[in-house]
Amino acid sequence: MRHIAVVGSGPAGYYTAEAAQKEFGDDVRVDIFDLLPVPYGLIRTGVAPDHQSIKAVSRRYEKTALSDNVRFVGNVAVGRDVTIPELRELYDAVVLATGAPKDRDLGLPGDDLANVFGSAAFVGWYNGHPQFTTLNPDLSGRTAVVIGMGNVALDVARILAKTPHEFEGSDIVAHALEALGRSTIERIVILGRRGPHQIMMTPKELGELGELERAAPHVDARDLPAEAEDAILEPGLRKSVTLLRGFAAVPEDIRAEKPVAIEFDFFAQPLALIGADRVEAIEVERTEVVAGRARGTGETYRIPADLVVSCIGYRTTPIPDVPFDERAGRFANDEGRILPGLYCVGWARRGPSGTIGTNKPDGFSVVEKIHEDIDSAALGPPTKQGRTGFDELARARGLDVVTFRDWKKIEEAEERAAREGAPREKFVDIEAMIRARGAPALKQP
Ligand code: NAP
């Protein structure tokens, strides 16, 4: 029997468990740890609440979770409640699937002003991540500036632009729905330091901006390169650029029928955030793209900004005793191997890129490495204690482990609390989740 600890219950974690089951059959036991009492990581707290079809992938993870050789070990902080050396002692392989939950810093003067947020915090707020429940962004201003031209920037701009009616069927949390319902923002500027040919937005997500009830995308046709130049783009990007062309072609009087403007400001690099104690404006420099890189032109201007959300990427949170690549913002690894018996997968391995599906081959690939290391005797004989050893340690430390069965009770309570038409009303603090679980289940899963 081999024992694998997977740290993190998001897509990378569950695809790894699924791959381990396929690879080792009944000869493996997998424990999936999570800091929160609820599983699914980014599916729950990252994927936009109005993208329910993407969230449905959790049903596949549930299938894995409910099999006998996989357990969910929630409400346990690896690095604090149990250390990495302890896990390595107990399990043949420890796989870090902790994602990249920290915002990359803007690193600009004024980035600590009030009402300036990173996307991890802002997305966490509207998605009910317990860490960001009290973020309380002030939406009473007129202009929001969203920095970055990736899919997260699109999510944030779209959520800011939607009417309460457009959130029907979503699982946006009550505090965010209420705050957005009172929002007075009527101008959302998406700031990109490069041009239309360098956006990271995918066509399906970009297309949604053209279908909003009270908001319309504004693209200045003068920012677009000659149409013939689109031929060199890969098909997905070409589609996105075609959408931008479509947005630019909409006559101004038609666009003006919608009271909220989502403006694309290309070739604009943020320099500083300005304000006394809360943000009032953002100073930007015009750029030109030279050999694919943004180069400042020296021309600067200010955009009034009552709210700023930077969507410029994420970093993995370091864990004590795990080598970390500071520059890349993820664990130091060689194709998923960190140290003997210690691996990483998903965003914690390769950084914050790709879709949820990208994590599937990633999970299978790390399990292949584990198999190779077992075959080469690098992991030693199968003598580890695995879950029995962990359960002893958890008892000795008084850890309040939340099991998958517990999660199902929390989930049922969330479903019962759902407003009409919504799939659930999420608990947004850990105590409420634990309360909803009731008395702890005696046995896993
Ligand atoms: P991303 O796709 O890497 O985009 C980051 C954006 O931030 C880029 O436009 C980048 O510009 C810009 N940026 C980076 N540093 C900057 C700086 N210092 N100043 C100004 N701009 C800066 O990252 P993301 O949007 O966070 O998305 C992460 C991953 O999740 C992506 O793979 C994305 O597709 C995925 N995702 C998918 C969905 C979906 O499918 N519905 C939804 C959300 C996220 P440069 O290109 O110039 O560096």
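Note that this is a predicted model, so its numbers are computed, not measured.

**Observations regarding helix α15 (residues 404-416)**
Item 1. Here α15 contains 13 residues, and its C-alpha end-to-end distance of 18 Å stays within 8% of the 18 Å for a straight helix at 1.5 Å per residue.
Item 2. Taken residue by residue, α15 has F404, D406, W407, I410, E411, A413 and E414 as its buried positions. The buried side chains of α15 occupy one side of the element, clustering within an arc of 165° when seen end-on.
Item 3. For α15, the secondary structure elements touched by its buried residues are α1 (11-24), α2 (42-45), α4 (58-65), β3 (70-73) and α16 (430-437).
Item 4. Where α15 begins, the side chain of T403 points an oxygen toward the backbone nitrogen of R405, at a separation of 3.4 Å.

**Some thoughts on the pairing of strand β13 (residues 293-304)**
Item 1. One ladder, built from 9 bridges, connects strand β12 (residues 281-290) with β13; its direction is antiparallel. In the sheet register, V290 faces β13, and the bridge partner there is R293.
Item 2. Linking β12 back to β13 in an antiparallel pair, the connection comprises 2 residues, with A291 at a positive phi of about 50°.

**Notes on the sheet that holds strand β14 (residues 307-310)**
Item 1. Spatial ordering of the open sheet is given by β6-β14-β7-β8-β10-β9, a layout of 6 strands whose pairing is parallel. Strand pairing shows two members of the sheet lacking a second neighbour, β6 (116-118) and β9 (215-218), which therefore form its edges. The average undirected angle you get between the axes of adjacent strands in this sheet is 20°.
Item 2. In terms of strand pairing, β6 meets β14 through 3 bridges, oriented parallel. What sits directly across from F117, in β14, is V309.

**Comments concerning the environment of S67**
Item 1. For S67, the position within the fold is in the loop between α4 and β3.
Item 2. Expressed as a C-alpha distance, the spacing of S67 and T316, which sit 249 residues apart in the sequence, is 29 Å.
Item 3. Polar side-chain contacts of S67 include one of 2.3 Å to the side chain of Q21.
Item 4. A polar side-chain atom of S67 sits 2.8 Å from the main-chain carbonyl oxygen of T64.

**Regarding the packing of α1 against α4**
Item 1. Running from N to C, α1 and α4 point in directions that differ by 45°, and their axes come no closer than 10 Å. Looking at the two axes, α1 sits oblique to α4. As α1 runs across α4, the sense of the crossing is left-handed. Of α4, the residues touching α1 (which contributes P11, Y14, Y15, A17, E18 and Q21) are R60, Y61, T64 and A65.
Item 2. Of the residues assigned to the contact of α1 with α4, the class counts are 6 nonpolar, 2 polar and 2 charged.

What counts and how
- Starting afresh in each chain, residues are numbered from 1 along the sequence in its written order.
- Local features in a predicted model are, by the rule used here, given only for residues with pLDDT of at least 70; side-chain atom pairs are given and counted only at 80 or more, and totals for whole chains, interfaces and linings are based on all residues.
- Water and hydrogen atoms were dropped before computing side-chain values, which therefore reflect all heavy atoms in the structure.
- The way it works is that DSSP assigns letters per residue, a run of H or I at least four long becomes a helix, a run of E at least two long becomes a strand, and they are numbered from the N terminus.
- Multiplying 1.5 Å by the helix residue count minus one yields the expected span of that helix.
- Three exposure classes are used, based on accessible area relative to the maximum for each residue type with a 1.4 Å probe and protein chains only: buried under 20%, partly exposed in between, and exposed over 50%.
- The arc in question is the one spanned by the directions pointing from the helix axis to the C-beta atoms.
- The contact definition used throughout considers only heavy atoms, calling two residues in contact when any of these lie within 4.5 Å.
- The definition of a polar contact used here is a pair of N or O atoms within 3.5 Å, where within protein one atom must be able to donate a hydrogen and the other to accept one, and adjacent residues in sequence count solely through side-chain atom pairs.
- When DSSP locates at least two bridges between a pair of strands, those strands are taken to pair.
- Throughout, an axis means a line fitted to C-alpha atoms (over the contacting stretch in the case of helices), and angles, computed between N-to-C directions, take values from 0 to 180 degrees.
- The cut-offs work like this: below 35 degrees is roughly parallel, past 145 is roughly antiparallel, 65 to 115 is roughly perpendicular, and the gaps in between are oblique.
- It is the rotation of the near helix from the far one that decides the hand of a crossing: anticlockwise by less than a right angle makes it left-handed, clockwise makes it right-handed.
- Amino acids outside the nonpolar list (Ala, Val, Leu, Ile, Met, Phe, Trp, Tyr, Cys, Pro) and the charged list (Asp, Glu, Lys, Arg) are all regarded as polar, and Gly is one of them.

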